[in-house]
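Overview (structure and organization)
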Amino acid sequence: MDRLVAKAIFQMCAKAALLTAVVGAIIGVIGYVNKWDGQYAYSNAFFLAGCLLIIAGASSRYNAGQGWNVFQQFHAESFRGMSRSEQAKFIVDTSSSMSTVILGVLSGIFLIILSALAAYLF
């Protein structure tokens, strides 16, 4: 059991590190193209990106809770052969994953740490 938990935590941290690296590379390219000359411009960009990822992760959970209300209003064609309980299970399985929230918050924290490092080390 402990190995499964450790493996899941390691995989989530690896995904967050990969997402952080991708966002960091995008910020680096934007900074290079726009000829940012100071470390504070990069620091602000990393901080803003981190905040946006945290907000995106949190809003994904909020949006997942709204999925059932939207589903009740509009009957989707793909749900035609499913019973009400199967439809509810499908919506819960696809939209209430905490993985997106954890990934967004963890990547946001990594980017904010990079923001602090960029302000003081470079």
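Remember, predicted model here, so these are calculated numbers, not experimental data. (Residues numbered from 1 in each chain as written. Predicted model: local features only at pLDDT ≥ 70, side-chain atom pairs only at ≥ 80, totals over all residues. Heavy atoms only, no water.)

**Observations concerning the overall build of the protein**
Summing up its helical and strand segments, the protein has four helices and zero strands in all. When the elements of the protein are put in sequence order from the N terminus, they spell out α-α-α-α. A separation of at least 24 residues holds for 72% of the contacts in the protein among residues at least 6 apart in sequence. (Helix = DSSP H or I, 4+ residues; strand = E, 2+ residues; numbered from the N terminus. Contact = heavy atoms within 4.5 Å.)

**Observations concerning the nonpolar core**
The biggest cluster of nonpolar side chains holds eight residues, and these are V23, I27, A45, F46, A49, L53, L111 and A118. Secondary-structure elements contributing two or more residues to this core are α1 (2–33), α2 (39–73) and α4 (99–121). For this core, the element with the most residues is α2, which contributes four residues. Ignoring sequence-local partners within four residues, the contact set of I27 consists of W36, Y42, A45, F46 and A49. (Core = buried A, V, L, I, M, F, W, Y, C linked by side-chain atoms within 4.5 Å. Buried < 20%, exposed > 50% of the residue type's maximum accessible area, 1.4 Å probe, protein only.)

**Overview of the packing of α1 against α4**
The N-to-C vectors of α1 and α4 enclose an angle of 55°; their axes lie 9 Å apart at closest approach. Our classification of the angle between α1 and α4 gives oblique. Between α1 and α4 the crossing geometry is right-handed. From α1, M12, C13, K15, A16, A17, L19, T20 and V23 reach across to α4, where they touch S99, I102, L103, L106, S107, F110, L111 and L114. (Axes fitted to C-alpha atoms, helices over the stretch in contact; angles between N-to-C directions. Parallel < 35°, antiparallel > 145°, perpendicular 65-115°, else oblique. Left-handed = near helix turned anticlockwise from the far one by under 90°.)

**Points about the side chain of T20**
With respect to the secondary-structure elements, T20 resides in helix α1. A relative accessible area of 7% means that T20 is categorised as buried. T20 has contacts with S107, F110, L111 and L114, leaving out every residue within four places of it along the chain.

**Comments concerning α1**
Spanning 32 residues, α1 covers 46 Å between terminal C-alpha atoms, matching the ideal 46 Å at 1.5 Å per step. Taken as a whole, α1 has its buried residues at M12, A16, T20, V23, G24, I27 and G31. Positive backbone phi, at 55°, marks K35, one or two positions downstream of α1. (Expected span 1.5 Å × (residues − 1).)

**Overview of a nonpolar patch on the surface**
A surface patch of nonpolar side chains, amounting to about 620 Å² of accessible area, comprises I109, I113, L114, L117, Y120 and L121. Judged by its relative accessible area of 38%, I109 falls in the partly exposed class. (Patch = residues over 30% accessible without salt bridge, like charges linked within 9 Å, V, L, I, M, F, W, Y side chains within 5 Å. Areas by Shrake-Rupley, 256 points an atom, 1.4 Å probe, with all protein chains shown as cover. Salt bridge = Lys/Arg side-chain N within 4 Å of Asp/Glu carboxyl O.)

**Brief notes about the packing of aromatic side chains**
According to the stated counting rule, one finds one aromatic pair in the structure shown. Between the aromatic rings of W36 and Y42, the centroid separation amounts to 5.2 Å while the plane-to-plane angle is 75°, which identifies the pairing as edge-to-face. (Phe/Tyr/Trp six-rings, centres within 6.5 Å; stacked < 30°, edge-to-face > 60°.)

**With respect to the environment of A41**
Structurally, the position occupied by A41 is in helix α2. With a relative accessible area of 31%, A41 lands in the partly exposed category. Taking the C-alpha atoms as reference points, A41 and A118, 77 residues apart in sequence, are found 9.3 Å from one another.

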